[in-house]
Amino acid sequence: MTLNGILQIAVYLAILILLARPLGAFMARVYNGERTFLDWLLGPVERLIYRLAGVDPAQEMNWKTYAVAMQIFNLLGLVVVYALQRLQQVLPLNPQGMAAVSPDSSFNTAVSFATNTNWQGYGGEMTMSYLTQMLALTVQNFVSAATGMAILVAFIRALIRSPQTSSGKAGGLGNFWVDLTRTTLYILLPLALILSLALVSQGVVQTFSPYQTANLLQPTVDGSGNPVTSQLLALGPAASQIAIKQLGTNGGGFFNANSAHPFENPTPFSNLLEMLSILLIPAALCYTFGKMVGDTRQGWALLAAMTILLAVFIFGTYIAEAAGNPRLAALGADQQTTSLNPGGNMEGKEVRFGVPNSALWATATTAASNGSVNAMHDSFTPLGGLIPLVMMHFGEVIFGGVGSGLYGMLIFVIVAVFVAGLMVGRTPEYLGKKIEAYEMKMASLLILIMPLTVLFLTALAVITTPGKATVYNPGPHGFSEILYAFTSQGNNNGSAFAGLSANTPFYNLTGGIAMLISRYWLAVPTLALAGSLARKKKVPASAGTLPTHTPLFIAWLIAIVLIVAALNFIPALALGPIVEHLML
Amino acid sequence: MNTPFKKQSNSRRALYLRAVKDAFIKLDPRSMVRNPVMFVVEVGSALTTFLWLQALIGTGEAPAGFIGAVAIWLWFTVLFANFSEALAEGRGKAQAEALRRTRRETSARRVKGSKVEGWKVESSSRTVNLQPSTFNLADIPLETVSSTSLRQDDLYFVETGDILPADGEVVEGIASVDESAVTGESAPVIRESGGDRSAVTGGTRLLSDWLIVRVTANPGEGFLDRMIGLIEGAKRHKTPNEIALNILLAAFTIIFLGVCITLLPFSLYSVETSGQGTPITITVLIALLVCLIPTTIGGLLSAIGIAGMDRMIQQNVIAMSGRAVEAAGDVDVLLLDKTGTITLGNRQAVELIPVDGCSPQELAEVSQLASLADETPEGRSIVVLAKEKYGLRGRSVAETDEHPGMRFIPFSAQTRMSGVDLPPTFPPIGGTPSPNGGEESGTQIRKGAPDAMFRLIEDAGSRTPADLKPAVDAIARSGGTPLVVTRNGRAVGVVHLKDIVKGGIKERFAQLRKMGIKTVMITGDNPLTAAAIAAEAGVDDFLAQATPEAKLKLIREYQSGGRLVAMTGDGTNDAPALAQADVAVAMNTGTQPAREAANMIDLDSNPTKLIQIVEIGKQLLMTRGALTTFSISNDIAKYFAIIPAAFASTYPVLGGLNVMRLATPQSAIMSAVIFNALIIIALIPLALRGVPYRPLGASQLLRDNLLIYGLGGLVAPFIGIKLVDLLLAALHLYG
Amino acid sequence: MFKHLRPAIVLLALFTLITGVLYPLIVTGLAQVIFPRQANGSLIVRNGQTLGSELIGQQFDDPAYFWGRLSATGPVPYNAAGSSGSNLGPTNPALEDAVSARIEALRAADPENTGRTLFAPIPVDLVTASGSGLDPHISVAAALYQLPRVAQARGMSEQAVRALVDEYTQDRTLGLFGEPRVNVLLLNLALDEVQ
């Protein structure tokens, strides 16, 4: 670790926290239907959309209606993405003449983008036409993110509303169409527009021209000895997609190497912007939450819990990667960090980012369910690779996906409040809502679905031939690759230990199932839980009420998140990265 | 307190023996399945037993001795959990049996027919038309039947020495009853018709006089029957929080099942990829599973619930449901009757204020005479004050013998005054003859509530002295009760009656406030008086001039604001409020409607008990929360014990995780399993006694409990498992 | 169920139009006007010839050129139409093989480069593959390590080469973000231009 490395990480976290409040306050206004400075422009567009869609924005939905609307919309999106991939060879804007994508890969990708996972079994510049990138993938980057945020807002409303307050029909959670539309128009589009232009200024490409050919300075030969004199530079409308893939915790790269690719992430400054946008909305949503429930301390407490966990694990990754790989040191590679030599474990990393930025990104992208990468996680040291895995094993609640991360964290809050509430001798309550059997049923369901999905699919893969066939690295690292694949898809993350060739019918199918479960089997019980909370009376707080904004509660919440993940995954991790580390 | 359920040390042995026996009986899978955590352990025990048998035959996956040892300790785990439950139930059962002895079948004398000569008894009506002059016990037609044939609304007759055959309400008569069988209180209580002391309980004994009682409960549904049922826990339903906790524990169990099941494929892959070692054995997987699932809390959960009810009974409170006990922990508003709870039951005269130029001596004597026949504590205190402060000779009611024609006027709700009429022969009072005509025409002395007395003065045509009203107001403002005293319609002074707030009650309320509980004083006093006492006692709020309707309305208001309300009550007019309150404690001396509307009955009839009830409720929840935390945080250490051991052959380097330096893989696994079983036994006393409760704010409680049970739960098994391992090594069991 | 179908279809269609067509078009339009060079790939064009992109590395193994990172793209290194990392795990023997091969190649090309022991330790970025396979940079240490070899192969003075290395060294952004680095393609182009 160097002072510069520590500073880079600290400055990053500081900027993130500073941005959370203004954006969070703005989002609270958007979701409360209050006036914003964008109304003059977007108000007419919004009203036109409602009129064309036949939506009455004042119509309240109960949790079931909300869930049905959300799923129909997502299913429709999934079908469109599938169809566009299968038909891209006959559609326009395909300058490289990309062929139709295979059915299993199309299914996996359609699920992947509709569920905000953006796991990519394919290589972007070798597979997708510009049209598919735009109409299928960019659109889903927006609406899948908006879906997650809409569900969160519905959940927050459940905590605010109660039968006692006359406003709001009992059990009403808002209107999905309105939440979806306002999120996309007022929050995601303006941010994406600004960010994409900033990225272009740094060198991210944004063009509809075909790939460019360059003459090599030093001609070379390919594997079979044929001379190679030119380089084909893949281009495309990348910046517009990268901006939203970062902001919407999607993470699906325009290019195969994702944000390690110089055209996707050309400079340390673009890297900073992209890293900030990974966590920007999830962090700001904490403030939005506090604002909406009328007690910003509640939002800060959640943000504090997330930030503390994130910071600790960033430094964990940083230390592990900076220490380098002793096997390479033995061969004569100099991994010492000096002012001239970035040092550390540089396999799979880019020189312009070095170890601190790669460690920071890897931790942030897996803390959020973003999954974009600026270095290859598969080549991290065992402990450096363990942390991204663990970040996902937390259930994507340390920031997590936009919306989904916070509602996931709120489920942990409910469990934490339940056990802590018992310990102070009262029926537990959160923000005045009693946590009873039904809430625990849903919360338990939500907590157990993810580990069971990940563990059972990993188990299936390690005992079947197609599962074992495409493992790339030998030994326990191969096990880590499979575990990572299902952890990533089972948590809607999308990053990978990319050595595993996952573009096979087996992995496309099982991965698709994991992503569907992890998105909708969590979203629907969350909404059911919201429906139950919305119908509950609000209990006024007293000295006997467990405060949920204190350092003590933050520590307890962190402990619960840590312990649940540890208990679920210690055995699996022991057989993967932990044993690999001990073998180093 | 005198409880009928005192622990009898000589029966303790029997209690334990019975619990051991019950622990085996409870192995029946049909009863185990109600506790998913322990059911999983039982299935695991059966499976390892099967594997042990297989190993004995010679095709085992591991040495038979090892599998057998694991199986034995898994069975112990189940048995220990069953034992804790049986022990908790056993205490109740012993108590229930003591009660049942008093419940034996007796004969009863039922009143035959509906009409009795000379006066009317309608068997379906509560009212009895009665002419005392023609009353003759012998005229009541009685038939002797078995107590079990008495039905609701039957009338029965009991006299001195009889055991009351059924619960009921006194319709006629007044008698003293020994209720020690129910309450443990040996002092007899008075039971009489009409009023708040009309409820009698079957199984109690009449000490004097006779009663005619209308039966209110069919056989088997009486108070004692319900009590026995509750104590035995036969009809124990899981409480809301217990259900919620069970769901969470079940979820953990399912997750750990998944973790252990998938560990087998993981292990197979690891063996394949590393090219060495053998896959994890089923025995080790089951051992790991049992260690991971929350057996500590799962095994003790029902014991905690039963023990919570039991602690209520130790306090002489019968909770009608576990739900009520739990709700007690959640209460945030306590409605407390002023009299008896906040103040000593009686007000005391502390000062006599003469008005209208009357001498203190005269006022003292008039007040003394007015209170001679007043047997209330207030009346007594006036007599005492007159004697001690003004040096008057003691008088007694017996003076009527000296002065025939002296007539005492008792207090009535209509006149709201009491007093005495003195004959003309009565010696002059205070040395001065009465201004309006002396004692020749007799003297009328009255004392009573100011407004009633003002009317009296007006009616008598006297003027109201100018200094009377200020004196009355001053007393009221200070929280006292003024009594105006008159002599022949002329005001002579005011008696200052003062409520004496109980010692230490203010501190108690401060504690409650810290616990987040709001105290509300209920009183019939006027707002001025109520405010003064409320301030002195340190309650948060008060309801003055309380009527049953106002009480009910107050409860509804709090509840609609989301608060949980607890109250005590005894009168019939309390019944609606009791029914509305979330935690309603009826005094055992209370009326039948009050007792039926309540969800708890305090056999001691002690209104302060509410505070203890709240504490027991909180303790119950805290014990569950603490042991859940303990149980889950234990798991981390168990991973460190078992994982390196389970994969020792495949990945010897995993020995790096063996931070406890356990001797061998087998001893590591055995140590974890043994620790897991023993911790249940070690925690039984805590489960039965409950986590100690201190009246602190929520944050402080959480911090303390997290340190003890969270951090303690994390650290304790590292030490415990190591110790077991050292012991096993010393015994050369798995060297 | 069916009452949700209309809003679902209409909203998806409208969002496809707004976020899938209008949004990229607007961004492209603005980008092409404000940042035309960057938007089109930061191409290096000399005499009408596209020589590459200053953001994308190229393969060099001639001792007279500075070498870049190892590239794991297929079928040829630095395939800019198929970015990829090596994905070799830290304990994969193939990783050690790749690193050893590169070390041997570096030493073979420059046998006199000795340090404290037999050979000076080689900066790790020079012997490991980049994440994209297209990394245009090496660390300053990696450039300095190669400096004597390039100078000798080109018959230039080390000072002259050093001057060029310094010229193509980028410091951290704002002195804080990222790592100091040397752009290999630009440096090599400059070397060719000097000679």
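What counts, and at which threshold
Residues numbered from 1 in each chain as written. Chains lettered and ligands numbered in written order. Predicted model: local features only at pLDDT ≥ 70, side-chain atom pairs only at ≥ 80, totals over all residues. Heavy atoms only, no water. Pairing = 2+ DSSP bridges. Helix = DSSP H or I, 4+ residues; strand = E, 2+ residues; numbered from the N terminus. Contact = heavy atoms within 4.5 Å. Axes fitted to C-alpha atoms, helices over the stretch in contact; angles between N-to-C directions. 1 Å grid on protein atoms, 1.4 Å probe; cavity = no way out; pocket = protein on both sides within 12 Å on 5 of 7 lines; lining within 4 Å. Points joined across faces, edges and corners; volume = space filled by probe spheres on them. Nonpolar A, V, L, I, M, F, W, Y, C, P; charged D, E, K, R; others polar. Buried area = accessible area lost by both parts, 1.4 Å probe. Salt bridge = Lys/Arg side-chain N within 4 Å of Asp/Glu carboxyl O. Buried < 20%, exposed > 50% of the residue type's maximum accessible area, 1.4 Å probe, protein only. Right-handed = clockwise from strand over helix to strand, strands pointing away. Phe/Tyr/Trp six-rings, centres within 6.5 Å; stacked < 30°, edge-to-face > 60°. Parallel < 35°, antiparallel > 145°, perpendicular 65-115°, else oblique. Left-handed = near helix turned anticlockwise from the far one by under 90°. pLDDT = per-residue confidence, 0-100. Domains from an automatic or database assignment. Polar contact = N/O pair within 3.5 Å; in protein donor to acceptor, adjacent residues only side chain to side chain. Expected span 1.5 Å × (residues − 1).

Draft legend 1. Structural view of the sheet that holds strand S4 (residues 137-138) of chain C. Residue and element names in this part refer to chain C. With antiparallel pairing, 3 strands are arranged side by side in an open sheet as S4-S6-S5. Whereas interior strands pair on both sides, the edge strands pair on one side only; in this sheet they are S4 and strand S5 (169-170). Relative to strand S6 (residues 181-183), S5 runs antiparallel, the two sharing 2 bridges. The partner of Thr169 across the bridge, within S6, is Val182. Of the strands in this sheet, S4 and S6 touch helix H6 (residues 184-194), which is tilted by about 55 degrees from S6.

Draft legend 2. Structural view of empty space enclosed by the protein. All names here are of chain A. The full count for this structure, using the stated rule, is 8 cavities of 30 Å³ or more. Put simply, the largest cavity is a space of about 320 Å³. Lining the largest cavity are 26 residues; nearest its centre among them are Gly395, Val397, Gly408, Leu446 and Leu522. Taken together, the elements giving at least two residues each to the lining of the largest cavity come down to helix H14 (404-423), helix H15 (437-463), helix H18 (505-534) and helix H19 (551-583). Here the element with the most residues in the lining of the largest cavity is H14; it accounts for 5 residues. Class assignment for the residues of the lining of the largest cavity results in 12 nonpolar, 12 polar and 2 charged.

Draft legend 3. Spatial organisation of the interface of chain A and chain B. With 63 residues of chain A in contact, the opposing surface of chain B contributes 64 residues. Taking both partners together, chain A and chain B bury about 5,200 Å²; carbon and sulfur atoms supply 76% of that area. The largest contributions to the chain A side of the interface with chain B come from Met423, Leu567 and Leu575 of chain A, which together make up 14% of the buried area. Connecting chain A to chain B are 2 salt bridges.

Draft legend 4. Layout of the pairing of strand S23 (residues 565-569) of chain B. Residue and element names in this part refer to chain B. With 5 of 5 residues buried, S23 is to be regarded as a mostly interior element. Of the two faces of S23, the one lined by Val565, Met567 and Gly569 and the one lined by Ala566 and Thr568 are each fully buried. With 4 bridges connecting them, S23 and strand S24 (residues 583-587) associate as parallel partners. The partner of Thr568 across the bridge, within S24, is Val585. Between S23 and its parallel partner S24, the chain crosses via helix H20 (residues 575-580), and the hand of that crossover is right-handed.

Draft legend 5. The arrangement of the arrangement of the chains in detail. Looking across the 2 pairs of chains in contact, one finds the most contacts between chains A and C. There is a clear gap between chain B and chain C: no contact, and 13 Å between their nearest C-alpha atoms.

Draft legend 6. The packing of aromatic side chains, seen in detail. The tally for this structure, following the rule as stated, stands at 22 aromatic pairs over all chains. Geometrically, the ring pair formed by Phe73 of chain A and Trp177 of chain A is edge-to-face, given 6.2 Å between the ring centres and 75 degrees between the ring planes. Taken together, the positions of Phe73 of chain A in helix H3 (residues 63-87) and Trp177 of chain A in helix H7 (residues 176-202) put the pair 104 residues apart, joining distant regions of the chain. Judged by relative accessible area, which is 2%, Phe73 of chain A ranks as buried. Of the residues examined, Trp177 of chain A reaches a relative accessible area of 3% and is grouped as buried. Aromatic pair Phe252 of chain B and Phe256 of chain B: ring centres 6.2 Å apart, planes at 20 degrees, arrangement stacked. With Phe252 of chain B and Phe256 of chain B both in helix H7 (residues 240-274) and 4 residues apart, the pair spans about one turn of that helix. A connected cluster of aromatic rings, assembled from ring pairs, spans Tyr66, Phe73, Phe176 and Trp177 of chain A.

Draft legend 7. Molecular detail of the packing of helix H6 (residues 130-160) of chain A against helix H8 (residues 238-247) of chain A. Residue and element names in this part refer to chain A. Two elements in contact, H6 and H8, have axes whose closest approach is 8 Å; the angle formed by their N-to-C orientations is 25 degrees. As judged from the angle between their axes, H6 and H8 are roughly parallel. As for the relative orientation of H6 and H8, their crossing is left-handed in sense. Across the interface between the two elements, Gln133, Leu137, Thr138, Asn141 and Phe142 from H6 touch Gln241, Ile244 and Lys245 from H8. Split by residue class, the contact of H6 with H8 holds 3 nonpolar, 4 polar and 1 charged.

Draft legend 8. Broad picture of the confidence of the model for chain B. Residues and elements named next belong to chain B. Chain-level statistics for chain B give a pLDDT mean of 83 and a share of 90% at 70 or above. The low-confidence segment residues 1-9 (pLDDT under 50) makes 24 contacts with residues lying over four places distant or belonging to another chain. Confidence drops under pLDDT 50 across residues 114-120; counting only partners more than four residues distant or on other chains, this segment forms 20 contacts.

Draft legend 9. Examining the domain arrangement of chain C more closely. Under the domain assignment, chain C is made up of domain 1 (2-36) and domain 2 (42-194). A separation of 41 Å is found between the C-alpha centroids of domain 1 of chain C and domain 2 of chain C.

Draft legend 10. Layout of the interface of chain A and chain C. Taken residue by residue, the interface counts 120 residues in chain A and 106 residues in chain C. Both faces combined, the contact of chain A with chain C buries some 8,900 Å², and carbon together with sulfur accounts for 67% of it. Here Arg327 of chain A makes a salt bridge to Glu96 of chain C, at a shortest N to O gap of 3.4 Å. At the boundary of chain A with chain C, the tally comes to 48 residue pairs in polar contact (both at pLDDT 80 or more). No other element matches H7 of chain A, which puts 13 residues into the side of chain A that touches chain C. Among the residues forming the side of chain A that touches chain C, the class breakdown is 67 nonpolar, 41 polar and 12 charged. Here 2 bridges tie strand S3 (residues 333-334) of chain A to strand S3 (residues 122-123) of chain C, and the two strands are oriented parallel to one another. Within the sheet, the bridge partner assigned to Asp334 of chain A lies in S3 of chain C and is Pro123 of chain C.

Draft legend 11. Representation of helix H4 (residues 103-114) of chain A within the structure. Residue and element names in this part refer to chain A. Between its first and last C-alpha, H4 extends 16 Å over 12 residues, near the 16 Å set by a 1.5 Å rise per residue. With 9 of its 12 residues buried, H4 lies for the most part within the structure. Regarding H4, the residues found buried are Ser105, Ser106, Asn108, Thr109, Ala110, Val111, Ser112, Phe113 and Ala114. Just beyond H4, the residue with positive phi is Asn116, at close to 65 degrees.

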